[in-house]
Structures are given as C-alpha cells and as structure tokens.
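# Architecture at a glance
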Amino acid sequence: MDQDLTRHLRDESVVYEATQIFDALSDYTRFQILAALSLRERSVGELVESAHVSQSAISHQLRMLKDRGLVVARREGQRQIYSLADEHVSTLIAVALEHAAEREADHV
C-alpha cells in the first residue's frame, strides 16, 4: 500500500484528480446526494426529496459528480437512475461521516 501511495503522490495528474474528488465532496448538497446514493440507487425525483433542493439544482450537481467519476447513471424507461461509481466512493462517504461523528462526540 505504501508503494502505491508513493507512486500516486509522484503523479501530478493523480494528485489533481484526488483534489477534484475532495472539492466535489466539500459541497453540502453534493455530499447529501452521495450519502443518499450510498444507501441505494435513486432517481432525480428521489434525490430532490432527500436533499430538499430543486430538480435543476440536483441535475446540476449530478452532472458535476458524473464528471468527477463519483456517480454513474442508467436509463430505466423515461427516468435516469443514479448510483455511486464504485465502492471507493461509498468508503469515502462512510469514513467522512464516522470521522465527523467522532469529532462531534469529542465536543460534547
């Protein structure tokens, strides 16, 4: 693992892509979308309900998340169904939430 990390750190394009992932995760609405998708795949309408923002806002954020390689879509009739791109994304969301929960517990 350390060899992979060292190799990745030497590759500027890999480091840049990693920063783009964290940039995407830093937005509250995008994080909500990813967290909802970590539980199960969802349509745009379902994401609107869970994130409490407009359909156009969800669509805009989903485009960005797709561009960053964090979500994928498949067509189901008239609807697009979104899911996380892979288990790495699910792990990022879970670790971030666990870390935040531990920090909150330390401040209580």
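Below, the structure is looked at part by part.

Calculation criteria
Residues numbered from 1 in each chain as written. Predicted model: local features only at pLDDT ≥ 70, side-chain atom pairs only at ≥ 80, totals over all residues. Heavy atoms only, no water. Buried < 20%, exposed > 50% of the residue type's maximum accessible area, 1.4 Å probe, protein only. 1 Å grid on protein atoms, 1.4 Å probe; cavity = no way out; pocket = protein on both sides within 12 Å on 5 of 7 lines; lining within 4 Å. Points joined across faces, edges and corners; volume = space filled by probe spheres on them. Helix = DSSP H or I, 4+ residues; strand = E, 2+ residues; numbered from the N terminus. Nonpolar A, V, L, I, M, F, W, Y, C, P; charged D, E, K, R; others polar. Salt bridge = Lys/Arg side-chain N within 4 Å of Asp/Glu carboxyl O.

Even without being a glycine, His52 presents a positive backbone phi close to 60°. With relative accessibility at 68%, the residue His52 sits in the exposed group.

Turning to the layout of surface pockets, a few remarks are in order. In this structure, the largest pocket spans a volume of roughly 540 Å³. Broken down by secondary-structure element, the contributors of at least two residues to the lining of the largest pocket are helix H1 (2-10), helix H2 (12-25) and helix H6 (87-106). A per-element tally of the lining of the largest pocket places H2 first, with five residues. Its residues placed into classes, the lining of the largest pocket shows eleven nonpolar, four polar and two charged.

Quick look at the pattern of salt bridges now. Counted under the stated rule, the structure contains six salt bridges. One salt bridge connects Asp4 with Arg7, and the closest N-O pair in it is separated by 2.8 Å. A residue pair is termed a helical-turn pair when its members lie 3 or 4 positions apart in one helix, as Asp4 and Arg7 do in helix H1 at three residues. Owing to a relative accessible area of 35%, Asp4 belongs among the partly exposed residues under this scheme. Salt-bridge contacts for Arg79 lead to Glu76; the nearest nitrogen and oxygen are separated by 3.0 Å.

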